[in-house]
Amino acid sequence: MNALFYNSDPSPEQLMEKVYVKGKTQNKENPIAPEFAELIIYTESKKLKTSEENFWKTALKTWNFRHINSIEEAKTLKLAKKDGSDFVRHTSNQFVRVYPHWSRQDSSNYNPIPAWAVGCQMVALNYQTTGQNTLLNKAKFRLNGNTGYILKPKFLRNISGHFNPSDPETFPKHRKYPTEFKIKIISGQQLPKDGTCDIVDPYIAVKIHGADVDQTAKNTYETKSVKNNGFCPQWDETFALS
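Once a new chain begins, its residue numbering starts again from 1 and follows that chain's sequence as written. In keeping with the predicted nature of the model, local features appear solely for residues at pLDDT of at least 70, side-chain atom pairs appear and are counted solely at 80 or more, and the whole-chain, interface and lining totals rest on all residues. Side-chain calculation: all heavy atoms of the structure are included, whereas hydrogens and water are not.

> Got a minute to help me understand the overall build of the chain in this structure?
Helix and strand counts for the chain come out as seven helices and nine strands. Residue burial in the chain is summarised as follows: out of 242 residues, 34% are buried. For the chain, the computed accessible surface area is about 16,100 Å², with 53% contributed by carbon and sulfur atoms. Secondary structure elements are defined from DSSP: runs of H or I of at least 4 residues count as helices, runs of E of at least 2 residues count as strands, and each element is numbered from the N terminus. Using a 1.4 Å probe on the protein chains alone, a residue whose accessible area is under 20% of its type maximum counts as buried, one over 50% counts as exposed, and one in between counts as partly exposed. Surface exposure here means Shrake-Rupley accessible area, sampled with a 1.4 Å probe, where a residue is shielded only by the protein chains that are shown.

> I'm lost on a positive patch on the surface in this one. Help?
Residues Lys 46, Lys 47, Lys 49, Lys 75 and Lys 78 make up a contiguous surface patch of positive charge. Tracing the backbone shows Lys 75 in helix 4 (residues 73-82). By definition, no residue in a patch forms a salt bridge, and every one has over 30% relative accessible area; like charges are joined within 9 Å, nonpolar side chains (Val, Leu, Ile, Met, Phe, Trp, Tyr) within 5 Å. One speaks of a salt bridge when a side-chain nitrogen belonging to Lys or Arg is within 4 Å of a carboxyl oxygen belonging to Asp or Glu. Neither His nor the chain ends contribute to the count of charged residues, in which Lys and Arg are positive and Asp and Glu negative. By convention, the charge on Lys lies at NZ, on Arg at CZ, on Asp at CG and on Glu at CD.

> How should unusual backbone geometry be read in this particular structure?
Note: most residues except glycine have negative phi, and most peptide bonds are trans. Despite not being glycine, Asn 146 shows a phi value in the positive range, around 60°. The residue Asn 146 is located in the loop between helix 7 (132-141) and strand 6 (181-187) in this model. With phi around 55°, Asn 228 is a residue other than glycine that occupies positive phi space.

> Can you walk me through the environment of Ala 117 in this structure?
Relative to the helices and strands, Ala 117 is located in helix 6 (residues 113-117). For Ala 117, a relative accessible area of 17% gives the class buried. Spatially, the C-alpha atom of Ala 117 lies 9.8 Å from that of Lys 152, the residues being 35 residues apart in sequence. Contacts are assigned to residue pairs that have any heavy atoms within 4.5 Å of one another. Look past the residues within four positions of Ala 117 in its chain and what remains in contact with it is Val 88, Leu 156, Phe 163 and Pro 165.

> Sorry if this is basic, but what is going on with the nonpolar core here?
Among soluble globular proteins, nonpolar side chains are generally buried collectively. Within the largest apolar cluster, 24 residues are counted, with the highest numbers of intra-cluster contacts made by Leu 48, Phe 87 and Cys 120. For this core, the secondary structure elements donating two or more residues are helix 3 (55-61), helix 4, helix 5 (84-91), strand 4 (95-99) and helix 6. Those residues in contact with Cys 120 that lie beyond four places of it in its chain are Thr 76, Phe 87, Thr 91, Val 96, Val 98 and Ala 115. To form a nonpolar core, buried Ala, Val, Leu, Ile, Met, Phe, Trp, Tyr and Cys residues must be joined to one another through side-chain atoms within 4.5 Å. Counting residues in each nonpolar core, the second largest holds seven residues, with Ile 185, Val 206, Trp 235 and Phe 239 among its members.

> It is not clear to me how the pattern of salt bridges should be interpreted in this structure. Could you clarify?
Opposite charge on two side chains allows them to pair when their charged atoms are near. Tallying each qualifying case throughout the model produces three salt bridges. The closest approach of N and O atoms between Arg 104 and Glu 73, which form a salt bridge, is 2.5 Å. With a gap of 31 residues between them, Arg 104 in the loop between strand 4 and helix 6 and Glu 73 in helix 4 connect regions that are remote in the sequence. We classify Glu 73 as buried; its relative accessible area is 14%. Here Asp 86 and Arg 89 are joined by a salt bridge, their closest N and O atoms 2.6 Å apart. With Asp 86 and Arg 89 both in helix 5 and three residues apart, the pair spans about one turn of that helix. Its relative accessible area of 28% is what places Asp 86 among the partly exposed residues.

> Please explain the confidence of the model for the chain as it appears in this structure.
Low pLDDT means the predicted atomic positions in that stretch should not be read closely. What pLDDT reports is the predictor's confidence in each residue, on a scale of 0 through 100. Overall, the prediction assigns the chain a mean pLDDT of 84, with 85% of residues at 70 or greater. For the chain, strand 1 (residues 19-22) is the element with the lowest average pLDDT, namely 63, and helix 6 is the one with the highest, namely 95. Taken as a whole, residues 1-5 scores under 50 in pLDDT and shows 13 contacts with residues more than four places along the chain or in a different chain.

> How should the side chain of Thr 76 be read in this particular structure?
Along the chain, Thr 76 falls in helix 4. With residues up to four places along the chain from it excluded, the contact list for Thr 76 reads Ile 71, Phe 87, Val 98, Ala 115 and Cys 120.

Here is the structure:
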């Protein structure tokens, strides 16, 4: 199927092996090769006018499935905290792309979770920098076998819903009570040195990464240090996180 003739939101199956291009259109002055056009889904950039009153309602009234908003990370976080439910309703039928702030000239990355929590579909990171946030991104998309797409849960696809990731009272009934994870740290083998000393005193730190309501002291755990043993340290510690 030629992507140029989609009249509604394409399905994940239709998006397979396609390249999503933002803000490009076909015209006589700048024709696109048919072979390239076959690979592309077109989207139209649409500015989210956050300075206007009732901008969420305005965006909903003028919605088109081809539209995509691009919002930098700091504004995304601000809107997510201030208007969580409105943001979720917006992303339930509107593409939103989040991108790093211009000040990240060192190619560092922001935490993608707050943007995911309000339903943002495209959370762009600096892939040239490996760190905790890029690892979170890799872990997220392993949930669907690294296919590149994950279906958002129903409460992030409900345009008439009231879900707010900062307010547990708006959580779906089956998610109001936290899931408990019981973990046992057994041992390690041949752990690398950190480059500052010949002998390491290793320990393991475990933390749940999620929305703001998940960032509590009970969701972190740190084992004891094993002195002078990076070869085969043993902990045998069991704990629970929820």
